[in-house]
Number of protein chains: 2
Amino acid sequence: MHQMKRYLPLVAFAALCAPLPLLAQDAKTHPAPSEIVASAKAGEWVAIAPSELLVMDLAPDSKGKARRVVIQLMPKPFSQGWVGNIRKLAAARWWDGTSINRAQDNYVVQWGDATEKKTLPEALATMEAKDYVTPDWPSKDWIFARADGRPDAYAGAHGFYVGWPLAQGREGLWPIHCYGMVGVGRNLAPDTGTGAELYTVIGHAPRHLDRNIALVGRVIEGIEHLSSLPRGTGALGFYEKETERVPILSVRLGDAVRDVPAFEYLDTNSASFAAYADARANRRDPFFNVPAGGADICNIPVPIRRKAK
Amino acid sequence: MHQMKRYLPLVAFAALCAPLPLLAQDAKTHPAPSEIVASAKAGEWVAIAPSELLVMDLAPDSKGKARRVVIQLMPKPFSQGWVGNIRKLAAARWWDGTSINRAQDNYVVQWGDATEKKTLPEALATMEAKDYVTPDWPSKDWIFARADGRPDAYAGAHGFYVGWPLAQGREGLWPIHCYGMVGVGRNLAPDTGTGAELYTVIGHAPRHLDRNIALVGRVIEGIEHLSSLPRGTGALGFYEKETERVPILSVRLGDAVRDVPAFEYLDTNSASFAAYADARANRRDPFFNVPAGGADICNIPVPIRRKAK
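Predicted model only: the values in this text are computed from it and were never measured.

Parameters and conventions
Residues numbered from 1 in each chain as written. Chains lettered and ligands numbered in written order. Predicted model: local features only at pLDDT ≥ 70, side-chain atom pairs only at ≥ 80, totals over all residues. Heavy atoms only, no water. Helix = DSSP H or I, 4+ residues; strand = E, 2+ residues; numbered from the N terminus. Contact = heavy atoms within 4.5 Å. Areas by Shrake-Rupley, 256 points an atom, 1.4 Å probe, with all protein chains shown as cover. Least-squares fit on C-alpha atoms with pLDDT ≥ 70 in both. Pairing = 2+ DSSP bridges. Axes fitted to C-alpha atoms, helices over the stretch in contact; angles between N-to-C directions. Buried < 20%, exposed > 50% of the residue type's maximum accessible area, 1.4 Å probe, protein only. Phe/Tyr/Trp six-rings, centres within 6.5 Å; stacked < 30°, edge-to-face > 60°. Buried area = accessible area lost by both parts, 1.4 Å probe. Salt bridge = Lys/Arg side-chain N within 4 Å of Asp/Glu carboxyl O. Polar contact = N/O pair within 3.5 Å; in protein donor to acceptor, adjacent residues only side chain to side chain. Nonpolar A, V, L, I, M, F, W, Y, C, P; charged D, E, K, R; others polar. Expected span 1.5 Å × (residues − 1). Arc of directions from axis to C-beta.

1. Structural notes on the overall build of chain A
Secondary structure assignment for chain A yields 6 helices and 14 strands. Sequence-distant contacts in chain A: of pairs separated by 6 or more residues, those separated by 24 or more amount to 71%. Surface exposure of chain A reaches about 12700 Å², of which carbon and sulfur atoms provide 54%.

Here it is in structure tokens:
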């Protein structure tokens, strides 16, 4: 007769999200990624300015619970035409009263004006396909560049700069479609979208979209309010009935929101980030038998947290 | 004044899920992956025997709608010790009355006996860590092997065999943790799990788990019933309250279920699969500006469909 053991399935992933006891010896010798992050020095964290945030409040859920999604906008020099439009749209309260219209499993959740008739603010910029890529520029702080030897099926080189995953080719640098990244819906090329129609990735990184769509940010808190929505049953995961759409109460820039918490990211040029990335590629904490010996860049999510008060 | 254009965001992904009109000329010149799949010959599809399926019926959702998840079990010679246990557990109706206990965003949904006290059937096999890997064996039908040049951060070689994504190293072959794959929860090593505690991937492929956990199958229908569940608020995404768990009504082998549909997969050695994989790596259908020039193996999901009656 087998007696069922107490399961602690995948316990090493406490690493990623919650402090659970680890064997002191092993933890000291081979700290888990989360332990490396937790022990990073204060000076290795970089504050994210409230003006770099976009705060989206959805209608409360069926139990009346508030649903807030916090997005960090893409920093200069990437995608700034679209980011500028998004700032104007938020300032004009353009998204208030629009909705989440699409949830396609293992792909994206998308929001904007379902009627497709709402007038846009004036003076939005129009971008071109070439703007998906930023021409190569001095990258002294580039890490994980070619030299580190981690292969990538999608780009000659990839790495992190100012807290963001980037890929590099002859034509320049471009942001990467990892889980939680936010991009700009568009019509067939040459349309590049305005930024009024946005989506976030809720599945395996769809990196074939890199260089084909503008990426303008990433969800840093509350993605579960999007990723756990019922999947739409229409083509491409669009909701077929108006009642299935989730109303958007408001979208504001962070500096226009009174109660937005302060966030910070782990400096991607810090020693702790390098150790964290190495540990993500070579898990030796107690749960693991075999370290992978590598990691794809979307499996090295940049640590972001609320700043302690 | 800008008039909003009709958005067809990410329309090329009609490719993946739904037939939308495409320009006939472009479609003929550069068919989308879905079009290649749709035009595959009947002889390129391989039937999946009902005995290779595991059918999990969850309690109906809040609107009374049935929720069925269909899993295809891993074929020989991979993970057969655990698969054998799963067959015994299903035959013993062991999962009936258990529950979905965990939903961790961008990671896994997990099910089994939340009480951790339910007696297991007798004569379950005990496996070892070495059984996560299958020693190299004749692979004349191996495709996407080293020669094709697509790099992978996690293995020396990778490809498809009998419809499954596999990686290869000196020690042999092993299944890959792509979206929707089903694995065996376990305690700290040397425990390898019995198969009673199962999870499926609902986020970016956690390939650091490859060779560290047994993979025993994949969800081929109904994954939205798992991936859209509310995320658990406890450590590791476990549900904190019993009422949050989703009851499992029954889990049966496919040949014990009267109304299970017939499924088939696109032969991964067929010409159509090769063309499909190439198109996944080099999207040239109308939406795209720039083909990626590569694809990671988890972005080439093996086409599986209900067999036409």
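2. Description of the relation of the copies chain A and chain B
With an RMSD of 0.0 Å, chain A superimposes on chain B once it is rotated by 180° and translated 0.0 Å along the axis. Look at the turn and shift together and you get a two-fold axis relating the two. Same-surface contact between copies: 100% of interface residues of chain A are shared with the interface of chain B.

3. A short note on the sheet that holds strand β12 (residues 246–253) of chain B
All names here are of chain B. Pairing within the closed barrel is antiparallel, and its 8 strands lie in the order β2-β3-β11-β9-β10-β5-β4-β12. Taken over all neighbouring pairs, the strand axes of this sheet differ in orientation by 35° on average, direction set aside. Across 4 bridges, strand β3 (residues 67–73) lies against strand β11 (residues 215–221) in antiparallel orientation. Bridge pairing in β11 places Gln-72 opposite Arg-218. Here helix α4 (residues 80–91) sits on the sheet in contact with β2 (53–58), β3, β9 (181–184), β10 (198–201), β11 and β12, set at roughly 105° to β12.

4. Section: the side chain of Asn212(A)
Within the secondary structure, Asn212(A) is located in the loop between β10 (198–201) and β11 (215–221). Exposure remark for Asn212(A): the relative accessible area of 0% places this residue in the buried category. Ignoring any residue separated from it by four or fewer positions in sequence, one finds Asn212(A) in contact with Tyr132(A), Arg186(A), Phe288(B), Asn289(B) and Val290(B).

5. Observations concerning the packing of aromatic side chains
Geometry of an aromatic ring pair is reported as the spacing of the ring centres plus the angle between the planes. All names here are of chain A. Evaluated as defined, the whole model comprises 10 aromatic pairs over all chains. The interplanar angle of 45° and the centroid separation of 5.6 Å between the aromatic rings of Phe-273 and Tyr-276 together place this pair among those described as tilted. You can see Phe-273 and its partner Tyr-276 sitting in helix α6 (residues 271–281), 3 residues apart, about one turn around the helix. Accessibility classification places Phe-273 together with Tyr-276 in one group, the buried group. Measuring from ring centre to ring centre gives 5.7 Å for Phe-287 and Phe-288, while their planes differ by 75°; the resulting arrangement is edge-to-face. Classification of Phe-287 as buried rests on a relative accessible area of 1%. Classification of Phe-288 by relative accessible area gives buried; the value is 9%.

6. Brief notes about the environment of Lys307(B)
Residue and element names in this part refer to chain B. As for its position among the elements, Lys-307 is in the segment after β14 (304–306). The class for Lys-307 is partly exposed, based on a relative accessible area of 39%. With residues near it in sequence (within four places) discarded, Lys-307 still touches Ala-47, Ala-262, Phe-263 and Glu-264.

7. Notes on unusual backbone geometry
For the bond from Ala189(A) to Pro190(A), the omega torsion is 15°, close enough to zero to count as cis. Inspection of the secondary structure assignment puts Pro190(A) in the loop between β9 (181–184) and β10. Look at the link from Lys76(B) to Pro77(B): it is a cis peptide, with omega at 5°. Looking at where Pro77(B) falls in the secondary structure, it is placed in the loop between β3 and α4. Phi at Ala123(A) is positive, roughly 65°, even though this residue is not glycine. The residue Arg211(A) is not glycine, and still its phi comes out positive at about 70°.

8. Examining the interface of chain A and chain B
Taken together, the contacts link 87 residues of chain A with 87 residues of chain B. Between chain A and chain B, the buried area comes to about 7500 Å², and carbon and sulfur atoms account for 59% of it. Counting across the interface, chain A meets chain B through 0 salt bridges. Counting across the chain A and chain B interface gives 22 residue pairs in polar contact (both at pLDDT 80 or more). Listed by contribution, the elements that provide at least two residues to the side of chain A that touches chain B are α1 (14–17), β5 (108–112) and α5 (224–227) of chain A. The residue makeup of the side of chain A that touches chain B, split by class, is 48 nonpolar, 19 polar and 20 charged.

9. Notes on the pairing of strand β8 (residues 172–175) of chain B
Residues and elements named next belong to chain B. Bridge analysis of strand β7 (residues 164–169) against β8 gives 4 bridges, and the strand direction is antiparallel. Counted as the bridge partner of Gly-169 is Gly-172 from β8. Turn length for the β7-β8 hairpin, with the two strands adjacent in sequence and antiparallel, is 2 residues.

10. Some thoughts on the sheet that holds strand β1 (residues 45–48) of chain B
Residue and element names in this part refer to chain B. If you trace the 3 strands from one edge of the open sheet to the other, you get β1-β13-β14, paired in antiparallel fashion. The open sheet has two free edges, formed respectively by β1 and β14, since each of these has just one partner strand. For this sheet, the mean inter-axis angle between neighbouring strands, taken without regard to orientation, is 35°. Direction of pairing for strand β13 (residues 263–266) relative to β14: antiparallel, over a ladder of 3 bridges. In the sheet register, Phe-263 faces β14, and the bridge partner there is Arg-306.

11. Let's talk about helix α4 (residues 80–91) of chain A
Residues and elements named next belong to chain A. The terminal C-alpha atoms of α4, which comprises 12 residues, lie 16 Å apart, in line with the 16 Å expected from a rise of 1.5 Å per residue. Taken residue by residue, α4 has Trp-82, Val-83, Asn-85, Ile-86, Leu-89 and Ala-90 as its buried positions. End-on view of α4: buried residues confined to an arc of 155°, all on one side of the axis. The elements touched by buried residues of α4 are β2 (53–58), β3 (67–73), β9, β10, β11 and β12 (246–253). Positioned one or two residues after α4, Arg-93 has a phi angle of 55°, which is positive.

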